[in-house]
There are 2 protein chains.
Amino acid sequence: MHAALQEARQAGAEGEIPIGAVVVCDGRIIGRGHNLTERLSDVTAHAEMQAITAACATLGGKYLTGCTLYVTVEPCLMCAGAIAWAQVSRIVIGAADPKRGYSTYVKGSPFHPKALLATGILEPECRSLMQSFFKSRR
Amino acid sequence: MHAALQEARQAGAEGEIPIGAVVVCDGRIIGRGHNLTERLSDVTAHAEMQAITAACATLGGKYLTGCTLYVTVEPCLMCAGAIAWAQVSRIVIGAADPKRGYSTYVKGSPFHPKALLATGILEPECRSLMQSFFKSRR
């Protein structure tokens with residue numbers, strides 16, 4: 001999650017909403033990403049999408065079975081769907097997002113039936129990054 | 001929807017699940033796409049994602065307000081989320097997808113609060129393309 005936070009800080013430094021994600025396989029980071037919606041003018045360029053696409057490119061396959069995704073903020077509906085399609089085995093979330101997070105909209109778990117989920121990991125750091133960003137924008 | 005069906009047939013011809021999508025603005029197609037998950041080895045490369053990204057590139061902006069998305073099969077959770085983020089104003093769906101479609105998983109509408117939704121448009125054509133594809137694979 002420290003690496004995901006690093007990505008999130010990088011996003012913030014670039015004027016993007018500070019969310020970061022990394023995909024880990026066998027203890028090694030195989031994909032990382034941060035929010036790039038402004039730079040790419042693409043609302044789908046979320047941290048998780050970048051990290052998943054990067055990880056799949058590293059592995060040369062479509063699925064991330066056995067991999068863990070760390071993300072600083074609860075994924076939105078789109079990213080939750082992508083995580084499910086990629087069959088990520090473990091999802092580790094920092095701060096909740098009651099407004100845009102998937103859990104506000106989805107009935108049950110959208111992830112692979114065998115996927116493990118952990119939330120609230122380094123939550124204060126993840127949350128405060130977001131709060132400072134939006135405060136500075138007001 | 002005929003243009004979306006054309007995209008879907010193209011996907012099928014390339015060995016991809018035959019789903020197509022187009023984005024229309026002021027009566028003009030500004031983005032089109034079909035499923036490319038196999039070719040790109042990327043589970044996020046759905047027809048809608050391609051069409052949305054293409055349309056945003058055409059307009060040079062992040063939002064598709066005032067645009068209509070035509071898609072041959074009900075979007076999945078990921079694509080529904082992307083459609084919401086892009087603020088597509090009208091969503092026109094061909095065939096339902098009770099297994100992977102967003103409506104099986106989502107409470108209420110995931111789309112922009114003012115978005116209009118039409119389903120079942122050219123449904124027999126959209127559905128039969130999918131059925132023939134999966135039948136030929138068995």
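Residues numbered from 1 in each chain as written. Chains lettered and ligands numbered in written order. Predicted model: local features only at pLDDT ≥ 70, side-chain atom pairs only at ≥ 80, totals over all residues. Heavy atoms only, no water.

A. Focus on the overall build of chain A. A tally of helices and strands in chain A yields five helices and five strands. The helix and strand sequence of chain A, counted from the amino end, reads α-β-β-α-α-β-α-β-β-α. Taken over C-alpha atoms, the radius of gyration comes to 14 Å for chain A, in line with the 14 Å a tight globule of 138 residues would show. On the principal axes, the C-alpha backbone points of chain A span a range of 40 × 30 × 25 Å. Classification of the 138 residues of chain A by burial places 53% in the buried group. For chain A, long-range pairs separated by at least 24 residues make up 57% of all intrachain contacts whose partners lie at least 6 apart in sequence. (Helix = DSSP H or I, 4+ residues; strand = E, 2+ residues; numbered from the N terminus. Rg over C-alpha atoms; globule rule 2.2 N^0.38 Å. Buried < 20%, exposed > 50% of the residue type's maximum accessible area, 1.4 Å probe, protein only. Contact = heavy atoms within 4.5 Å.)

B. Representation of the environment of C126(B) within the structure. In this fold, C126(B) is placed in helix 4 (residues 123-137). Along the chain, C126(B) and T72(B) lie 54 residues apart, while their C-alpha atoms are 5.4 Å from each other.

C. Region of interest: the sheet that holds strand 4 (residues 90-95) of chain A. All names here are of chain A. Judged by pairing direction, the sheet is mixed, and its five strands sit side by side in the order 2-1-3-4-5 without closing on themselves. Since the sheet does not close on itself, it has two edges, and those belong to strand 2 (28-34) and strand 5 (116-118), each with one partner. Strand-to-strand twist across the sheet, computed as the mean angle between neighbouring axes with direction ignored, equals 15 degrees. Here strand 1 (residues 20-25) pairs with strand 3 (residues 68-73) via four bridges, running antiparallel. Of the residues in strand 3, the one forming a bridge with V22 is Y70. Here helix 3 (residues 47-59) sits on the sheet in contact with strand 1, strand 2 and strand 3, set at roughly 145 degrees to strand 2. (Pairing = 2+ DSSP bridges. Axes fitted to C-alpha atoms, helices over the stretch in contact; angles between N-to-C directions.)

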